[in-house]
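Reading the structure
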Amino acid sequence: MSDTTAGTASPQSDERLAYRGVFQRMLVRPEIGAAIGALAIWAIFWAVAVPFGKASGASSILDVAASPLGIMAVAVAMLMIGGEFDLSSGAATGAFGILLILMVRDVVGDSGGWGLSLWTAVPLSLIAALGLGWFNGTVVDRTGLPSFIVTLASFFVLKGAKLGFSKQIVDQIQTGRLDQLLIDADAARIEQLLAIGAASGGAQDALLEDLGVTLTTPVDGLDVGDGSVGALVTAVETASENDNLRQLEELAGVSRSFIDVGDGGYSTLNDVFAYDWLRNEHIWEWRDWLYTIGVLAGLSLIALAVYEMHFRRRPGIGTAGILPFLGGGVVGLAGLATIINALFLVDGDNRVFQVASFLVGVLIAVAGVAVMQRYRDRANGQGVADAVPSLVRASALLPGAAIAVVGVWRLHATDSVGGNWVGALIIAVGMVIGFLGWSRARYEPGGNVDTVVGEGPQGSSYVSPLVIGLGALVVGMVIARWMDSDNDTNLVVEWGINGWAMFFISILVGLAAAGITGLRGDAFASALSAGDTAVSRGLAVLLGTPGMRMRTAGILTFVVTQLFLTQATIQGARAIFFMILLGLAATSMLTAVNRARRSSHTLGSLLLLLTAAGVAAAAFFIRWDSATHKFRTEMFSVLLAVAALMAIWAVITLLHRARSAPDAEADALGRGMAIAGGVLVVFGIGVRLLGVTQAELDGGIGPTNFSVRILWFLGFTALATWVLGRTRFGSWIFAVGGNKEASRQVGVPASRTKTQLFMIVSFAAWLVGLLLAFRLNTIQASTGDGEEFEYIIAAVVGGNALTGGRGSTLGAAIGALIMAMAVQGIPSARWNSDWRFVFVGVILLLAVIANNFIRTQAEQAR
Amino acid sequence: MALLELKDISKFYGNIIALQGVTTEVNAGEVTCVLGDNGAGKSTFIKILAGVHQHDEGEFLLEGDPVRFNSPREALDRGIAAVYQDLAMVPLMSVWRNFFLGSEPTKGVWPLEWIDRGAAKQIAKDEMAKMGIDIRDTEQPVGTLSGGERQSVAIARAVYFGAKVLILDEPTSALGVKQSGVVLRYIVEAAKRGLGVIFITHNPSHAYPVGDRFLILNRGKSMGNFAKSEVTQSELTQLMAGGAELEQLQHELEAAIASKGTPAG
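Rules and cut-offs
- Residues numbered from 1 in each chain as written.
- Chains lettered and ligands numbered in written order.
- Predicted model: local features only at pLDDT ≥ 70, side-chain atom pairs only at ≥ 80, totals over all residues.
- Heavy atoms only, no water.
- Helix = DSSP H or I, 4+ residues; strand = E, 2+ residues; numbered from the N terminus.
- Buried < 20%, exposed > 50% of the residue type's maximum accessible area, 1.4 Å probe, protein only.
- Contact = heavy atoms within 4.5 Å.
- Rg over C-alpha atoms; globule rule 2.2 N^0.38 Å.
- Polar contact = N/O pair within 3.5 Å; in protein donor to acceptor, adjacent residues only side chain to side chain.
- Salt bridge = Lys/Arg side-chain N within 4 Å of Asp/Glu carboxyl O.
- Expected span 1.5 Å × (residues − 1).
- Core = buried A, V, L, I, M, F, W, Y, C linked by side-chain atoms within 4.5 Å.
- 1 Å grid on protein atoms, 1.4 Å probe; cavity = no way out; pocket = protein on both sides within 12 Å on 5 of 7 lines; lining within 4 Å.
- Points joined across faces, edges and corners; volume = space filled by probe spheres on them.
- Nonpolar A, V, L, I, M, F, W, Y, C, P; charged D, E, K, R; others polar.
- Pairing = 2+ DSSP bridges.
- Axes fitted to C-alpha atoms, helices over the stretch in contact; angles between N-to-C directions.
- Left-handed = near helix turned anticlockwise from the far one by under 90°.
- Arc of directions from axis to C-beta.
- pLDDT = per-residue confidence, 0-100.
- Phe/Tyr/Trp six-rings, centres within 6.5 Å; stacked < 30°, edge-to-face > 60°.
- Lys NZ or Arg CZ within 6 Å of the ring centre and 35° of its normal.
- Parallel < 35°, antiparallel > 145°, perpendicular 65-115°, else oblique.

This paragraph deals with the overall build of chain A. A count of helices and strands for chain A gives 37 helices and 2 strands. Counting across all 862 residues of chain A, residues that qualify as buried make up 49%. Of all intrachain contacts in chain A linking residues separated by at least 6 positions in sequence, the fraction that spans at least 24 positions is 80%.

Here we come to the overall build of chain B. Within chain B, the secondary structure is distributed over 9 helices and 12 strands. For 265 residues, the compact-globule estimate of 2.2 N^0.38 gives 18 Å, and chain B sits close to it at 20 Å. Here the C-alpha coordinates of chain B stretch approximately 70 × 55 × 35 Å along the principal axes. When each of the 265 residues of chain B is scored for burial, the buried share is 50%.

Right, let's talk about the environment of F85 of chain A for a bit. Residues and elements named next belong to chain A. Turning to its location among the elements, F85 is positioned in the loop between α4 (55-81) and α5 (89-104). Separated by 653 residues in sequence, F85 and G738 place their C-alpha atoms 14 Å apart. Setting aside residues up to four positions removed in sequence, F85 forms contacts with L79, M80, S147, T151, F758, I792 and L802.

Bringing the side chain of R97 of chain B into the picture now. Note on placement: R97 of chain B falls in helix α3 (residues 95-100). Polar contacts involving the side chain of R97 of chain B include one to the side chain of S731 of chain A, which spans 2.9 Å. Those residues in contact with R97 of chain B that lie beyond four places of it in its chain are L724, G725 and S731 of chain A together with I115 and R117 of chain B.

The next thing to look at is the pattern of salt bridges. Tallied over the full model, the rule gives 19 salt bridges over all chains. Salt-bridge contacts for K107 of chain B lead to D116 of chain B; the nearest nitrogen and oxygen are separated by 3.9 Å. The shortest N-O distance in the salt bridge between R117 of chain B and E139 of chain B comes to 3.7 Å. Residue R117 of chain B is found in helix α4 (residues 117-130), and its partner E139 of chain B is found in the loop between α4 and α5 (147-160); the two are separated by 22 residues along the sequence. Of the residues examined, E139 of chain B reaches a relative accessible area of 32% and is grouped as partly exposed. The network of salt bridges with shared partners includes D63, R709 and R775 of chain A.

One full turn of an α-helix is made of 3.6 residues, so residues set three or four places apart face in the same direction. All names here are of chain A. Between its first and last C-alpha, helix α31 (residues 708-726) extends 26 Å over 19 residues, near the 27 Å set by a 1.5 Å rise per residue. Buried residues of α31: V708, R709, I710, F713, F716, T717, A720, V723, L724 and G725, and no others. A side-chain oxygen of the first residue of α31 lies 3.0 Å from the backbone nitrogen of R709; this N-cap is S707.

Unusually for a residue other than glycine, N777 of chain A sits at a positive phi of about 70°. Considering the arrangement of structural elements, one finds N777 of chain A in the loop between α34 (750-776) and α35 (788-797). Taking the relative accessible area as the measure of exposure, N777 of chain A reaches 8% and is therefore buried. One non-glycine residue with positive phi stands out, namely E170 of chain B, at about 50°. As for its placement among the helices and strands, E170 of chain B is situated in the loop between β9 (165-169) and α6 (177-192). Residue classification places E170 of chain B among the buried residues on the basis of a relative accessible area of 7%.

Residues L118 and F774 of chain A are the most contacted members of the largest nonpolar core, which totals 145 residues. Leaving out residues up to four positions away in the same chain, F774 of chain A has contacts with L100, L118, L178, Y266, L269, N270, F273 and A274 of chain A. By size, the runner-up hydrophobic cluster in this structure holds 47 residues, among which are V142, A158, L195 and A207 of chain B.

To continue, consider the layout of surface pockets. Volume-wise, the second largest pocket comes out at about 820 Å³. Around the second largest pocket sit 24 residues that line it, and V723, F729 and I760 of chain A together with W110 and P111 of chain B are the ones nearest its centre. Every element with two or more residues in the lining of the second largest pocket is listed here: α31, α32 (728-738) and α34 of chain A together with β8 (112-115) of chain B. Looking at the lining of the second largest pocket, the element that brings in the most residues is α31 of chain A, giving 8 residues. Its residues placed into classes, the lining of the second largest pocket shows 18 nonpolar, 3 polar and 3 charged.

Our next topic: the pairing of strand β4 (residues 57-62) of chain B. Residue and element names in this part refer to chain B. Summarising the sheet, strand β1 (residues 4-13) and β4 pair through 5 bridges and their orientation is antiparallel. Bridging from a neighbouring strand, K7 pairs with E59 of β4. As judged from the 2 bridges shared by β4 and strand β5 (residues 65-66), these two strands associate in the antiparallel manner. Its bridge partner being in β5, L61 is matched across the sheet by P66. The turn joining β4 and β5, which pair antiparallel and follow one another in sequence, is formed by 2 residues; a positive phi near 50° is taken by E63.

The next subject is the packing of α4 of chain A against helix α36 (residues 809-828) of chain A. Residues and elements named next belong to chain A. Put simply, α4 and α36 touch, their axes get as near as 8 Å, and they point 145° apart. Pair α4 / α36 crosses with right-handed handedness. Note on element contacts: α36 touches α4 through T809, A812, A813, A816, L817, M819, A820, M821, V823 and Q824, opposite S60, I61, L62, V64, A65, L69, G70, A73, V74, A77 and M78.

With that settled, consider helix α13 (residues 266-274) of chain A. Listed in full, the buried residues belonging to α13 of chain A are Y266, L269, N270, F273 and A274 of chain A. Viewed end-on, α13 of chain A has its buried residues packed into an arc of 105°, placing them on one side of the element.

Looking at chain B, pLDDT values average 83 and 94% of them are 70 or higher. For this predicted complex, the interface score ipTM comes out at 0.78, while the overall pTM is 0.80.

Evaluated as defined, the whole model comprises 26 aromatic pairs over all chains. With centroids separated by 5.0 Å and ring planes inclined at 65°, the aromatic side chains of F155 of chain A and F156 of chain A adopt a geometry described as edge-to-face. Owing to a relative accessible area of 11%, F155 of chain A belongs among the buried residues under this scheme. Here the aromatic cluster, defined as three or more aromatic residues joined through ring pairs, consists of Y307, F311, F435, Y443 and W649 of chain A. The ring of Y208 of chain B carries K228 of chain B above its face, with NZ or CZ at 5.2 Å from the centroid.

Residue and element names in this part refer to chain A. α31 packs onto α4 with a crossing angle of 25° between their chain directions and a minimal axis gap of 8 Å. In terms of axis orientation, α4 runs roughly parallel to α31. Considering the relative orientation of α4 and α31, their crossing is left-handed. Counting all contacts with α4, which are made through S59, L62, D63, A65, A66, S67, G70, I71, V74, A75, M78 and I81, the residues of α31 involved are R709, I710, W712, F713, F716, T717, A720, V723 and L724. Its residues assigned to classes, the contact of α4 with α31 shows 15 nonpolar, 4 polar and 2 charged.

Rendered as structure tokens:
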């Protein structure tokens, strides 16, 4: 049968199914806009606010993002993809926290309340939470009413219940304290210890026996087992006077489990939901090594992943074994780093440690090379007879990587200015050599030399963006040189601008913006109207007529300028000016590159090299000019790395050919490499955040806690992303959100899926309620009310469509991070924190516009 | 024995007669065309076959057994797959996800159960190739496919999931001439592979070339049930519109054109 099939119908391909390159495929991902936005916002705050880029800043951003916002945003995003909303989700977070506390605590003067153990209360409250989700889902499904209305009703019911029950039971609009459990347990313990102390001789032994206490080790000054009653009594009395069991523990050397009176599971669950990692207690001298190697190797892997997905492989070269081969390489480099560290960095007095770490380094390096050796032949591809010898080909990455490691060592070996930039430069050179070697070995030579690609303006259309770009670069440097980088007085104060002048300047700038949009806004408006959400259509209408557009742009710019003038300090304004001009320069020059590519590939690559040179120049300028440490070092390294990546890309695209047909193997390998790279980067940053070096401690770095809430957030996001992308249930969520009737017809249990989605949201609300209860100990009746819109905003900022069927939980998590950055960044930048709502509004609008714009661009480019 | 047989099937919605006394049969490897104008009862007819509605009178035999489906799932389990006008596709989802929607192949054990993406993509690609379409990237959203290709995804999906009877609801109505030709070819392909195909359309010129048997519905009643040898295309057209009515319409149109005079050019 299939023979005839093949005979009668020869496979045909439709021009609609044209190949999409790796960049286009990336751009249609819903979370990509959010990720870029998050990076940009982080960079802005990093430039103007002190805590950004430090562990303490990261800790507070992550904590704010994690709970309640992040966990809820992820759950709400899943529900939104399924095409529904839950307005009761915010109130529910507080409600389940209150429920939990009411169930365990003897409230109102130690009477009333349920007095349950936490071990009972936690599952009970979970059942209640799932019940709420089931109720919401079932009502929405059975009645066919919009979930908006149904959950609005639930919201008011919850809000009322929270107030009513709190007042009725506790007579306050907040609950009692959850940690009273612990205090009660401590008190009970003290009482029992006092009883033991009061007894003597055999009676004491009997009491101890009754309580099931056996003392195996006699403790300092208190040999209870032998009946040293006096010491025990003294200890217990001192402790109970101060109501401080810790002191007793110290005195008596006994642990809390000494006498088991039980605290209803509080200690255990407190560790699960509110454990704090105290960063200052973890001194890791090797921290920065792991950080730098991890981030560099991770970013390199991601870059190589992009190459893998973009270029055409040489004939005969396969994809099998590459990932373990590269993994072996990373391990080998770690070994090399350890060896260098042992040779140069370890204090010479500590010979044993030096020799030991040298040997360990050798072992690690050998293991890494062994792995590489094992996969070398597979990685080479079997039976390739090529001009490049196989060993050279397989190892092309190594020399560069080794040079880069030497660079990392230089970077850390010295604090001197000279050593620092030499180290960075060595790393850049290593990257260039490694990547070029790898690409020469792996991808088909030839390149797209002087072939015209794409349509559009040709000829010399690249000249004006090029001139604008170079101009912006120079102007940026001049401004940065002119303004004082060490001055944190307010801009208007320093320049003596009074209120009226400020107003006048804002009006001028607003008028200028209106003029510019009037001239060039049509493309923008048409891109907007191509987006398919109500918001973008509304915006397109708003911006569609030139007059309206000019007014909108003018007013917006006026507001932003006014804000900027009232809030910015001299050094902040300098940083903002410089970064905006740098951004303008980069985009203009990249536009020039793209336009030049259309007429000549060589010219495009040359312009890209020029751009890279410009970025490198900016990097060295920043080193030379800035007073701030983070600009001098971190900004410099980042810009230099960007310059190196650009330069490599320019050369490789000149020498190699891009793919024009899909290659599933390469895509799979690329994805694997990108994921491995991402893990390495996260690992590196994690190590950097979680530990301190002795030098930092000596420098008086403040204590920083990392809460376990962050882990809950990351875990929940990871699980949700896996479920959404990899399981049947995840597929069904997209299906019921995209086309409910269709999915029902093909056998998707649509009603059940939607109900389960509501239950996921209420599960998240329960989890957040628990996290809140353990963090705050007492919960206000109004906790969480109204926050549901923040969850929805975070989800939308993360690329989730309000109409359902499209979105990403990862995006929602990133959206939550953006919101958290606003919460943390605005006060730390010493702007008035009331403005954060303006910021959130602007971000929301920009996110929606950017998402639509990127998607329509990406889909047009097909 | 016919694969599927309907004897005097009727369906009432309250006092509205949606379908009355309809009789036809579907054989393996043959195409049975159901023709009718708008409101003729075609939708009710397929919904009974696909298990969305249940018949009120008459006999519905599947491979000789009298059956009565309570849900589309039941019909699907017995091998009756319906491809509706809206194709039951989610436009924003990829080709392979749509192909396997509701019946995804999985690996692992619940709750650690995930979709076998590799297999799913390969099967979707292969099945589409058998229908004569080369989908190079099964990650492409279905919304970006042409109408004919979407039809072919829906048909390939039904065939792959073991349909014995394939019901196609107006597959060509929204398509241009060329795309319709492509879809008609898929219909023949599906029949050649041993399926019984029920092809619902209001276009006799699409039905006649591919059909082996024709059931004509008008206002809920059967106007006849013919084998191909018993009827011609123009007779089909006449019967569809209720014979006399169409003749009258033709006369009226001719009169209208005559009174307007010869159009220029």
